[in-house]
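For reference, the chains in residue letters:
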Amino acid sequence: PDSYFIMYFFRFRSICRLQRLQAHMMSSASAPEVLLEKVGRAGVITLNRPKAMNALNLTMTRLLYPQLKEWETDEQTDIVIIKGAGGRAFCAGGDIIAVTEAGKSGDPLAQDFFREEYVLNNTIGMYKKPYIALIDGITMGGGVGLSVHGRFRVATEKTVFAMPETAIGLFPDVGGGYFLPRLQGKLGMFLALTGFRLKGRDVQRVGVASHFVESQKISALELDLVGLRSPSNEDVSKLLESYQTQSCLDAEKPFVLQPHLQDINRFASKSILNINDPKHVMHPSIQTLARMSPTSLKITFRQLEQGAAMSLQDVLVMEYRLCQACMRGKDFYEGVRSVLIDKDHSPRWSPATLAEVSDHSVDQCFSPLGETDLRL
């Protein structure tokens, strides 16, 4: 009897494990990574990977792009709203670990992910209908690309914005070379090089967000947006401004970088070789530059200097060349290992110093790719 009991016990346990596994697979299969809905005359997009903080992957991009193109010409669709599920993040970035593995193995995902993401960024930047991003939570990297180029970007007190790519041997892509140098003074250069995080109302103060609305009002705002009848951009703007007027939270709190703006403008105007000079270390974040990839810092400095005078399309073409250069190099893989995989935060950059990064090696990163260049 004991042996029968043991046999049935293990069989029962195996069945339970199988049922749990099937339930997990069914729940994964039944929960698409992007929810695409028509609510009245509004197209509503929900990024639906809450456990991954809605990080953008190629599957999601391939769902978003055709739907945006369809809604743009659909006479029954007046506006598009994009938001993130889960309450923590709008979109915390791209699925970088998948790209890293692809780059190491020569998988075409390392090209396809960036190419299709940048095409999507350009589609958002050129969108003919009101496009409203509700960036209620963490918004970094790829999440910035899904929001900042749209006409309306609504931040809340839960918004955390950053472009932290220089810490992983990359650069602030998704059109960072376009929007960052267009921020006040040299703020964009500072944010690009240091990865400094802006929070809440400050995201709107610098212009990354167009409006600030308290998080508890976002659901009501979405209902009112959906209820608009054939709205113009001006109609959407008036509604957002009315909600912003009612949102007094943190209104008295000064801009976190206000005391440092003069120093930031002075620092970011210098040659990239001088930024670690103690004379220019005015804000603690500038000291973090010593931990960033020297190659990334040099690429980023030139990217923003050139991008200041370029169209969004030309910037994205440039950035595709840069990301493919990073895929061919070493620092991207080392940065991802250090920050996201082993999490030892002790990267071994190659070259190890700014002085060792030659102008010629930077020039090569910006070189055209011929047949494989991005075409928009």
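Here, residues in each chain are numbered from 1, in the same order as that chain's written sequence. Given that this is a predicted model, residues contribute local features only at a pLDDT of at least 70 and side-chain atom pairs are listed and counted only at 80 or more, while totals for whole chains, interfaces and linings are drawn from all residues. No hydrogens and no water enter the side-chain calculation; it runs on all heavy atoms of the structure.

J.: How would you sum up the overall build of the protein? Please name residues and give values.
T.: Counting its regular elements, the protein contains 15 helices and 10 strands. Split into buried and exposed, the 376 residues of the protein put 50% on the buried side. In the protein, the proportion of contacts linking residues at least 24 apart, taken out of those at least 6 apart, comes to 75%. For every accessible area listed, the method is Shrake-Rupley and the probe measures 1.4 Å; residues are considered covered only by the protein chains on display. Counting every atom, the protein has about 17,600 Å² of accessible surface; 54% of that belongs to carbon and sulfur. Each helix is a run of H or I in the DSSP string that is no shorter than four residues. Each strand is a run of E no shorter than two, and both are numbered from the N terminus. Classification of residues uses two cut-offs on accessible area relative to the type maximum, computed with a 1.4 Å probe and protein chains only: under 20% is buried, over 50% is exposed, and between them is partly exposed. The contact definition used throughout considers only heavy atoms, calling two residues in contact when any of these lie within 4.5 Å.

J.: Talk me through the packing of helix H3 (residues 96-105) against helix H14 (residues 331-341); I want residue IDs and the actual numbers.
T.: Here, axes are lines fitted to C-alpha atoms. For helices the fit covers the stretch in contact, and angles between N-to-C directions go from 0 to 180 degrees. As a packed pair, H3 and H14 sit with axes 11 Å apart at the nearest point and diverge in direction by 140 degrees. As H3 runs across H14, the sense of the crossing is left-handed. Residues Ile96, Ile97, Val99, Thr100, Gly103 and Lys104 of H3 touch H14, and the partners they reach there are Phe332, Tyr333, Val336, Leu340 and Ile341. Note on residue categories: nonpolar means Ala, Val, Leu, Ile, Met, Phe, Trp, Tyr, Cys or Pro, charged means Asp, Glu, Lys or Arg, and polar means any other residue, Gly included. Considering only residue class, the contact of H3 with H14 consists of eight nonpolar, two polar and one charged. By convention, the crossing between two helices is left-handed when the near helix turns anticlockwise from the far helix through less than a right angle, and right-handed when the turn is clockwise.

J.: Now, about the nonpolar core: what can you tell me, with residues and values included?
T.: As used in this record, nonpolar core signifies buried Ala, Val, Leu, Ile, Met, Phe, Trp, Tyr and Cys residues forming a set joined through side-chain atoms within 4.5 Å. Counting 81 residues, the largest nonpolar core has Ile45, Leu47, Tyr118, Leu146, Phe161, Leu198 and Phe332 as its most contacted members. In contact with tyrosine 118, not counting residues within four places along its chain, are Phe171, Asp173, Val174, Leu316, Glu319, Tyr320, Cys323, Leu374 and Leu376. Formed by 17 residues, the second largest nonpolar core is a distinct cluster that contains Ala42, Ile79, Leu134 and Leu240.

J.: Which residues make up the state of the cysteines, and what are the values?
T.: Note that a disulfide, as used here, is simply two cysteine sulfur atoms within 2.5 Å. Considering all chains together, one arrives at zero disulfides under this definition. For the unlinked cysteine cysteine 326, the closest cysteine sulfur is that of cysteine 365, found at 6.5 Å. We classify cysteine 326 as buried; its relative accessible area is 7%.

J.: Explain the pattern of salt bridges to me, using residue names and the numbers behind them.
T.: Definition used for salt bridges: Asp or Glu carboxyl oxygen within 4 Å of a side-chain nitrogen of Lys or Arg. Counted under the stated rule, the structure contains 19 salt bridges. Linking lysine 158 and aspartate 136 is a salt bridge whose minimum nitrogen-to-oxygen distance equals 3.9 Å. Residue lysine 158 is found in the loop between strand S7 (152-155) and strand S8 (160-162), and its partner aspartate 136 is found in the loop between strand S5 (131-135) and strand S6 (138-140); the two are separated by 22 residues along the sequence. The class of aspartate 136 is buried, set by a relative accessible area of 16%. Taking the shortest distance from any N to any O, the salt bridge between aspartate 342 and arginine 337 comes out at 2.9 Å. We classify arginine 337 as buried; its relative accessible area is 15%. Through salt bridges with shared partners, a single ionic network connects Glu334, Arg337, Asp342 and Asp344.

J.: Just give me the short version of the sheet that holds S6, but keep the residues and values in it.
T.: Strand pairing in a sheet relies on backbone hydrogen bonds. The paired strands run either parallel or antiparallel. Spatial ordering of the open sheet is given by S4-S6-S8-S9, a layout of four strands whose pairing is mixed. Where the open sheet ends on each side, the last strands, each with one partner, are strand S4 (89-91) and strand S9 (198-199). Sheet topology places S6 next to S8; three bridges connect them, and they run parallel. Residue methionine 140 lies in a different strand from S8, and its bridge partner there is alanine 162. A pair of strands is labelled paired if DSSP reports no fewer than 2 bridges between them.

J.: Explain the pairing of strand S3 (residues 79-84) to me, using residue names and the numbers behind them.
T.: As paired elements, strand S2 (residues 42-47) and S3 share six bridges and run parallel to each other. The partner of threonine 46 across the bridge, within S3, is lysine 83. Note: S3 against S5, three bridges, orientation parallel. Within S5, the position partnered with isoleucine 81 by the bridge is isoleucine 132.

J.: Please give an account of the layout of surface pockets that cites residues and values.
T.: In this structure, the largest pocket spans a volume of roughly 1,000 Å³. In this analysis the probe radius is 1.4 Å and the grid spacing 1 Å, with only protein atoms considered; a cavity is a set of points the probe fits into but cannot get out of, a pocket is an open set with protein on both sides within 12 Å along at least five of seven lines, and lining residues have an atom within 4 Å of a point. Lining the largest pocket are 37 residues, with Met140, Pro164, Ile168, Val339 and Leu340 sitting closest to its centre. When contributions to the lining of the largest pocket are tallied by element, the ones reaching two or more residues are H3, helix H4 (109-125), S6 and H14. Along the lines of polarity and charge, the residues of the lining of the largest pocket split into 20 nonpolar, 10 polar and seven charged. Grid points are joined across faces, edges and corners, and a volume is the space filled by probe spheres set on the points.

J.: Can you explain the sheet that holds S5? Please cite residues and give values.
T.: The strand order across the open sheet formed by six strands is S1-S2-S3-S5-S7-S10, and the pairing between neighbours is mixed. Every other strand in the sheet has two partners, leaving strand S1 (34-39) and strand S10 (211-212) as the edge strands with one partner each. Two strands pair when backbone bridges link them, and S1 and S2 are joined in this way by six bridges, in the antiparallel orientation. Counted as the bridge partner of valine 39 is alanine 42 from S2. The sheet contacts of helix H2 (residues 58-73) involve S1, S2, S3 and S5, and relative to S1 the element is tilted by about 20 degrees.

Nothing here speaks to function; it is all geometry.
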